[in-house]
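# Structural description and commentary
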Amino acid sequence: KYVINHNKEIEFDIAYKDKAYDFIDGDDYWQLHCYDLKTGKEEWRYGQFDISLGWRVLKGIKDNLIIRAKFPKTGSDKKIYCFDIKARDIKWKIEEDEDIAVEYVKYSDGKLYTSSAGDKNIIDMETGKILWKGIRGPGGEGGCGAFGGFWVVPPQKGKKGRVALSCWRRIYCYEDDF
């Protein structure tokens, strides 16, 4: 089962390494499906994900998929999953109580840099550990936009790394070992 749009093309969340990945809803749950891009045939499907949430594959990184779940009515983030493609299993997940923003995702030097509206976050890609959460301008300034205003210089040779964040007409720079 896959979705064909009005142009008779297969629709999916993301293409990564000659495969297409998408969530398809059943009567009681969502499942993650994998299709071969050359043949269009389904190769596998995984899991039973909560039907009350909107699921989406955001990015493929180093044989992993970054998955987001949102409340459809409010649009607020609920969960983030890292799915290991080779093992066909969930590597780690961050639950709702962590309140992590994940509308946009970048990857650099083993870290995920996520963003939504005003919040920026840094997550260790291997473990799912939250290294920085809810980075905003001093005084909690939000509404800083997405990745147009979020730059990262990873730590190098004993020096701390830097994260630059633009909020409105200001730029803030944070330094840490993240």
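Residues numbered from 1 in each chain as written. Predicted model: local features only at pLDDT ≥ 70, side-chain atom pairs only at ≥ 80, totals over all residues. Heavy atoms only, no water.

## Details of the environment of arginine 88
The condition is simple: Going along the chain from the N terminus, every DSSP run of H or I of four or more residues is numbered as a helix, and every run of E of two or more is numbered as a strand. Here a residue-residue contact requires only that any non-hydrogen atoms of the pair lie within 4.5 Å.
Secondary-structure assignment places arginine 88 in the loop between β9 (77–84) and β10 (89–94). Separated by 41 residues in sequence, arginine 88 and glycine 47 have C-alpha atoms that sit 9.7 Å apart. Not counting residues up to four positions away in its chain, the partners in contact with arginine 88 are Trp44, Tyr46 and Phe83.

## What about the sheet that holds strand β6 (residues 42–50)?
Note the following rule: Pairing between two strands is assigned when DSSP locates at least 2 bridges connecting them. All axes are obtained by fitting lines to C-alpha atoms, using only the stretch in contact for helices, and the reported angles, taken between N-to-C directions, cover 0 to 180 degrees.
Overall, antiparallel pairing links the 4 strands, which are arranged β3-β4-β5-β6 in an open sheet. Each edge of the sheet is formed by a strand with only one pairing partner; in this case those strands are β3 (14–16) and β6. Taken over all neighbouring pairs, the strand axes of this sheet differ in orientation by 25 degrees on average, direction set aside.

## Details of the pattern of salt bridges
To be explicit about the condition: When a carboxyl oxygen of Asp or Glu lies within 4 Å of a side-chain nitrogen of Lys or Arg, that pair is called a salt bridge. Each residue is assigned to one of three classes by its accessible area relative to the maximum for its type, calculated with a 1.4 Å probe on protein chains only: buried under 20%, partly exposed between the two thresholds, exposed over 50%.
Across all of its chains, the model carries 6 salt bridges by this definition. Lysine 19 is the partner of aspartate 36 in a salt bridge, and the nearest nitrogen-oxygen pair spans 3.5 Å. Pair noted here: aspartate 36 is in strand β5 (residues 29–36) and lysine 19 is in strand β4 (residues 19–25), with a separation of 17 residues, a long-range link. Given the relative accessible area of 16%, aspartate 36 is considered buried.

## As for the confidence of the model for the chain
Cut-off, in case you're wondering: The predictor rates its confidence in each residue with pLDDT, a number between 0 and 100.
Put simply, the chain has an average pLDDT of 76, and 69% of its residues get 70 or more. Ranking the elements of the chain by mean pLDDT puts strand β1 (residues 3–4) last with 52 and β10 first with 91.

## Looking at the environment of isoleucine 61
In this fold, isoleucine 61 is placed in strand β7 (residues 54–61). Sequence separation between isoleucine 61 and glycine 110 is 49 residues, and the spatial gap between their C-alpha atoms is 9.9 Å. Not counting the four nearest positions on each side in its chain, isoleucine 61 is found in contact with Tyr16, Ile66, Val105, Tyr107, Leu112 and Met125.

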